[in-house]
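Topology and contacts: notes
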Amino acid sequence: MALNPVLGKLVSKRVVLASASPRRQEILTNVGLRFEVVPSWFKETLEKSSFAAPYEYAVETAKQKALEVANRMHVKHLRTPDIVIGADTIVSVDEQILEKPVDKQDAYRMLSRLSGKEHSVFTGVAIIHCSSKGNQLETEITDFYEETKVKFSDLSEELLWEYIHSGEPMDKAGGYGIQALGGMLVEYVHGDFLNVVGFPLNHFCKKLAELYYPPPKHTVQHIKHDSIPSVDTFENLSDGESESSNFIEHKGANNLDSSSMCPSRPVYNCENSSSVRTGFMVPLENQNGASESAAKLPSKILDLMDGFKASKALFVASKLKMFDYLKNKGPLKAVDVANEVGTSVCGTERLLDACVALGLLEKTSQGYSNTDSANTYLTSDGEYSLHGYIIHSNDHLWPLFTNLESAVREGSRQNHRAFGRKAEDLFKDYYHSQEVKQRFMAAMHSIAHLTARDVATAFDLSQFKSTCDLGGCTGALAHELIQIYPNMKVTVFDLPEVIANISYFQPSEQCAAPVTFVSGDFFKDNLPEADLYILSRVLHDWPDEKIHVLLSKISAVCKPGCGILLAEMVLDDEKKNRSTALLQSLNMLVQTEGKERSGSEYQGLLEQHGFANVKIRLTGNLLDVVLCVKT
Ligand SMILES: Cc1cn([C@H]2C[C@H](O)[C@@H](COP(=O)(O)OP(=O)(O)OP(=O)(O)O)O2)c(=O)[nH]c1=O
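Here the structure is a predicted model, which is why all the values come from computation and not from measurement.

Right, let's talk about the overall build of the chain for a bit. If you tally the helices and strands in the chain, you get 25 helices and 16 strands. Burial status across the chain gives 50% buried among its 631 residues. Taking the intrachain contacts of the chain between residues at least 6 apart in sequence as the baseline, contacts between residues at least 24 apart amount to 69%. Of the accessible surface of the chain, which amounts to about 29100 Å², a share of 52% is contributed by carbon and sulfur atoms.

Structure, rendered in structure tokens:
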């Protein structure tokens, strides 16, 4: 049973968030929703005076943002999403609509208008259900808005400018962010706090409840239309969707991070997390940091202590190809899996049970079978198989991470301790041992294929007629680019040893314009001509000195207007919030001389080589995207 099966209803659907707002991504991620991010290209230029009320403008803009994404994904022959969610947040004061400031003066105008007054924050939301009939996209649109009233204190000039110079106002409606420094300007908030931050979660859940659980006619009088049904109500309503248990696990895990969203409002975290947890109930500590009773355990720490056991269970089940057997022959009893794989029955049963508890498998009286996620991601031939990366994690990263302590003490990579060879020798191994080479390429292909759509759609790249993916390996991103921009000429440039082994990874269906593969070393050889150079998961391998060598080579062949697109995990500037990216930076420490970097660090590197207009898109998924152009 899910805490909130209305969100559980979306588990099996392909949900797309048509928004680049990191806040919206975080709010929805924190409640365990799984979705792709495809930022809308709709320009927020609707004529404001043509709307009778400010909220109508926000709702219409939200609708247009979502429709643009739904149409683009349909037209570009991508798989039509099931649901597209769009949102638009505006601030309204004295009948005027304030959006994001265009510059510091504009931010000043906005904030001085809000000083000492109450204003309204409206977020319009559109939920678009999509289907394909023949070649036509059919949509059903549900929209709504939420209003929150916010009052600012009187703001002194000094405070105003200090706040503006912090940079926080620039990407936020009304020029402030209530969830961070802007919270200091606020005297009171009446209404949904998350609505101000960009997404009215409570109203969204109520809307989904209306859509998915319309009250049966004979019980109408018992159901409160404006409430999200309670857990008990939902138990009755639940349709028993098998993935709902995954949903809870996921949500529990995500609450670990939710503090970054709203540090000043612990209530928002605490209420959710204490009611969400399943399995072992772990309320949070009281204000003094002391447990309220002996039964209350530090859940976050316990989860972290157990993390390695869960990773290793996943690695071993993958290595033994259990997900492949279960896909082809499931449901199977433990004894049958053990016979297929050649393992002990007692060990196999424990591993399978652990995988069930981790939400990777399902268990019924017929035996064990894969969840949909296991079929998609964990089988070696799944549509978005991560099998290659999992094996790489087990065989290569695990031994390196075992030496993390030495890496931290010495500040350098640990290949010699993990494998008895220097990093350089080992790197050569990738290309000299066929097995290791295939394993490494499969790992890189898994991640590139999984993230290709996010990377290719983070920005509108249609102005670039030719693209060169430097270190593009098997061409997974290149193929995605051609799907989205059929007229783009796409070249992949990688080492000869890599290019010699790409055939296994090529898609079976023929693309309209095939990808060109060119072999060479981007540090030594001439680069192919292109309007846009892509570096996906390349810069994080190298120290700044090597990056300067590479960027100056690219800069030398780039004409004004040509661009660089980076795909990396981008750290927040303070390096304290994005745990996946920060852990990845440790991953780079144990095996390379590189590291993960923040948006301003990438900007600094790029600007030194004549690239400007640096834009960063946080996709909410594995890779973020940075785009800049040569001046
Ligand atoms: C008032 C306020 C707004 N905001 C943000 C929420 C929205 O992200 C942003 C308003 O701009 P929007 O145009 O609603 O959204 P966006 O440009 O960030 O993303 P997209 O158009 O791709 O959906 O302001 C805060 O983060 N905190 C606040 O206190």
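Still more to cover.
What follows covers the packing of aromatic side chains. The relative placement of two aromatic rings is captured by the distance of their centres and the angle of their planes. Within the structure shown, the criterion is met by 11 aromatic pairs. With 6.2 Å between their ring centres and 50 degrees between their planes, Tyr55 and Phe122 make a pair best called tilted. A residue pair is termed long-range when its members are at least 10 positions apart, and Tyr55 in helix α3 (residues 54–75) and Phe122 in strand β5 (residues 118–133) qualify at 67 residues. Given the relative accessible area of 27%, Tyr55 is considered partly exposed. Judged by its relative accessible area of 6%, Phe122 is buried. Judged by centre distance (5.2 Å) and plane angle (70 degrees), the rings of Phe522 and Phe523 are edge-to-face. The residues Phe522 and Phe523 share a single accessibility class, namely buried. Taken together, the ring pairs connect Tyr55, Phe122 and Tyr145 into an aromatic cluster. The cationic tip of Arg72 hangs over the ring face of Trp41; the distance from NZ or CZ to the ring centre is 3.5 Å.

As a further point, take the site of the ligand. Contacts to the ligand come from 21 residues, most closely from Ser19, Arg24, Lys65, Lys100 and Ile178. Interatomic distance of 2.6 Å between a side-chain N/O atom of Lys65 and an oxygen atom of the ligand. Asp88 places a polar side-chain atom, nitrogen or oxygen, 3.2 Å from an oxygen atom of the ligand. For the ligand, whose accessible area on its own is 600 Å², the fraction buried by protein is 95%. When residues of the shell around the ligand are traced back to their parent elements, those giving at least two are α2 (22–30), β3 (83–93) and α6 (193–197). When residues of the shell around the ligand are assigned to their parent elements, the largest contribution, three residues, is made by β3. Within the shell around the ligand, the residues separate by chemical class into seven nonpolar, six polar and eight charged.

Right, let's get into the nonpolar core. Of all hydrophobic cores here, the largest spans 49 residues; its most connected members are Phe152, Tyr176 and Phe204. The next biggest cluster of nonpolar side chains, apart from the first, holds 34 residues, and it includes Leu386, Leu400, Ile447 and Ile502.

Calculation rules
- Residues numbered from 1 in each chain as written.
- Predicted model: local features only at pLDDT ≥ 70, side-chain atom pairs only at ≥ 80, totals over all residues.
- Heavy atoms only, no water.
- Helix = DSSP H or I, 4+ residues; strand = E, 2+ residues; numbered from the N terminus.
- Buried < 20%, exposed > 50% of the residue type's maximum accessible area, 1.4 Å probe, protein only.
- Contact = heavy atoms within 4.5 Å.
- Areas by Shrake-Rupley, 256 points an atom, 1.4 Å probe, with all protein chains shown as cover.
- Phe/Tyr/Trp six-rings, centres within 6.5 Å; stacked < 30°, edge-to-face > 60°.
- Lys NZ or Arg CZ within 6 Å of the ring centre and 35° of its normal.
- Near = heavy atom within 4 Å.
- Polar contact = N/O pair within 3.5 Å; in protein donor to acceptor, adjacent residues only side chain to side chain.
- Nonpolar A, V, L, I, M, F, W, Y, C, P; charged D, E, K, R; others polar.
- Core = buried A, V, L, I, M, F, W, Y, C linked by side-chain atoms within 4.5 Å.

Any link to function would need more than the numbers given here.
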